[in-house]
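Single-letter residue listing:
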Amino acid sequence: MSFTLFPDARAALARDCLAGLSVGDALGAQFLVPGRPAADLAAGRLPPAPWEWTDDTEMACSVLAELVESGGIDRDRLALAFAERAEPRRGYGPGAVTILRLIRAGTPWPVAAASAFDGQGSCGNGAAMRVGPVGAYFADSTARAAAHARASAEVTHAHPEGIAGAVAVAVAAALAARGRLDGYRPAPDRLLAGVAAALDPATEVHRRVRRAADLLGRPLPQVVAALGNGSRVTAQDTVGFTLWVAATHLDDYPAAVGACVEAGGDVDTTAAIAGGVVAAYGGVGDPGGVPGDWLAAREPLPTWLP
Ligand SMILES: [Mg+2]
């Protein structure tokens, strides 16, 4: 079915995705605190509010602002926004700190991004963690979702795996939001097949998304052993796992975030990615969507967000 998606409707889908991303980030980060067992969440014991969000949310807010203001991703504008808005206390990795500092000092983003990691470029999960709203915004076209995701990744991640990670998450969010618009839940295997079809088959991210499809229905520890849980903070180690979670729990936001917390690893980022994709389908406040009390416990988003 072909249809017209007006800018306000696109932005609303992207905002719901951002709500899920930011709540996942903020709640997931609570479980990086020593002494807070993952079993607390499984038992329904939520950490005390406010839950502070981290770099995942800060960058995703810049992505959303760029979508709303430009109708897509302009790489020069996005690179500057990332660099100017980065607050050191939000937990940026050392690679990101270096790249953003170079951009802030006037280095063109292609040079800054290519210089990372001894000239290989970053294959970190940072481009994937912030990209969900791009996919939700382009719910009507996985091709456009993939193209704008690539643009959003390139300003900091020059490595093919870092870019593939962002394309994978954006396409998953696009398919999830499309399912919401059409009123049906995409089957887990179809969702993952749709993501894999959009990826460079030479990448490890592609291989792990395919592997995630083979692991549907398997127990979480087996999935983590095969796909990772983000503990290496690479796209390869993060994206296949998070999309397994999102495909499995697409109609149950708390279950998706709960699986990320239980899996351990880079929990703020895995919960941000899976939470964003699931919220692109389930929205906020409805059954299976982001719970209203969880959203209320999350620290407010930055005041500069349009
Ligand atoms: Mg973070």
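Our subject is the structure listed above.
Basis of the calculations
- Residues numbered from 1 in each chain as written.
- Predicted model: local features only at pLDDT ≥ 70, side-chain atom pairs only at ≥ 80, totals over all residues.
- Helix = DSSP H or I, 4+ residues; strand = E, 2+ residues; numbered from the N terminus.
- Rg over C-alpha atoms; globule rule 2.2 N^0.38 Å.
- Buried ≥ 20, exposed ≤ 12 C-beta atoms within 10 Å, placed from the backbone.
- Contact = placed C-beta atoms within 7 Å.
- Core = buried A, V, L, I, M, F, W, Y, C linked by C-beta atoms within 7 Å.
- Axes fitted to C-alpha atoms, helices over the stretch in contact; angles between N-to-C directions.
- Left-handed = near helix turned anticlockwise from the far one by under 90°.
- Nonpolar A, V, L, I, M, F, W, Y, C, P; charged D, E, K, R; others polar.
- Expected span 1.5 Å × (residues − 1).
- Arc of directions from axis to C-beta.

Q: Would you mind showing me how to read the overall build of the protein here?
A: In terms of regular secondary structure, the protein is built from 17 helices and 0 strands. For 306 residues, the compact-globule estimate of 2.2 N^0.38 gives 19 Å, and the protein sits close to it at 17 Å. By its C-alpha atoms, the protein is 50 × 50 × 40 Å across when sized along the principal axes. Per-residue burial over the protein gives 56% buried out of 306 residues. Across the protein, contacts joining residues at least 24 apart in sequence account for 74% of those joining residues at least 6 apart.

Q: What should I look at first to understand the nonpolar core in this one?
A: If you look at soluble globular proteins, the nonpolar side chains tend to sit buried side by side. Counting 107 residues, the largest nonpolar core has Ala-168, Ala-170 and Ala-172 as the members making the most contacts within it. Counting residues per element, this core draws most heavily on helix 10 (residues 160–182), at 14 residues. Not counting residues within four places of it along the chain, the set of residues in contact with Ala-172 comprises Gly-135, Leu-191, Val-195, Leu-243, Ala-246 and Val-277.

Q: Teacher, can you tell me more about the packing of helix 9 (residues 142–154) against helix 10 here?
A: Pairs of packed helices are described in terms of their axes, by the angle between the two and the distance that separates them. Helix 10 packs onto helix 9 with a crossing angle of 145° between their chain directions and a minimal axis gap of 8 Å. Pair helix 9 / helix 10 crosses with right-handed handedness. Across the interface between the two elements, Thr-142, Ala-145, Ala-146, Ala-149, Arg-150, Ser-152, Ala-153 and Glu-154 of helix 9 pack against Gly-162, Ile-163, Ala-166, Val-167, Ala-170, Val-171, Ala-174 and Leu-175 of helix 10. Here the contact of helix 9 with helix 10 is built from residues that sort into 11 nonpolar, 3 polar and 2 charged.

Q: Looking at this structure, how should I read helix 10?
A: Count 3.6 residues to each turn of an α-helix, and residues three or four apart come out pointing the same way. For helix 10, built from 23 residues, the straight-helix expectation of 33 Å at 1.5 Å per residue is met to within 8% by its first-to-last C-alpha distance of 32 Å. Among the 23 residues of helix 10, 20 are classified as buried, and the element is accordingly described as predominantly covered. Just downstream of helix 10 lies Gly-183, where phi reads positive at about 80°.

Q: Explain helix 6 (residues 109–119) here, please?
A: Those residues of helix 6 not exposed but buried are Trp-109, Ala-112, Ala-113 and Ala-116. Take helix 6 and look down its axis: the buried residues cluster within an arc of 95°, on one side only. The outward face of helix 6, more than 90 degrees from its buried face, is lined by the exposed residues Val-111, Asp-118 and Gly-119. Where helix 6 is buried, its residues touch helix 4 (75–85), helix 5 (94–104) and helix 9.

Q: Looking at this structure, I do not really get the environment of Leu-80. What am I missing?
A: Turning to its location among the elements, Leu-80 is positioned in helix 4. Take Leu-80: there are 16 C-beta atoms within 10 Å of it, and that puts it in the partly exposed class. The spatial distance from the C-alpha of Leu-80 to the C-alpha of Trp-109 is 8.6 Å, given a sequence separation of 29 residues.

Q: Explain the environment of Pro-50 here, please?
A: Its place among the elements puts Pro-50 in the loop between helix 2 (39–42) and helix 3 (55–70). Exposure remark for Pro-50: the 12 C-beta atoms within 10 Å place this residue in the exposed category. Sequence separation of Pro-50 and Ala-259 is 209 residues, and the distance between their C-alpha atoms is 22 Å. Setting aside residues up to four positions removed in sequence, Pro-50 forms contacts with Ala-297 and Glu-299.

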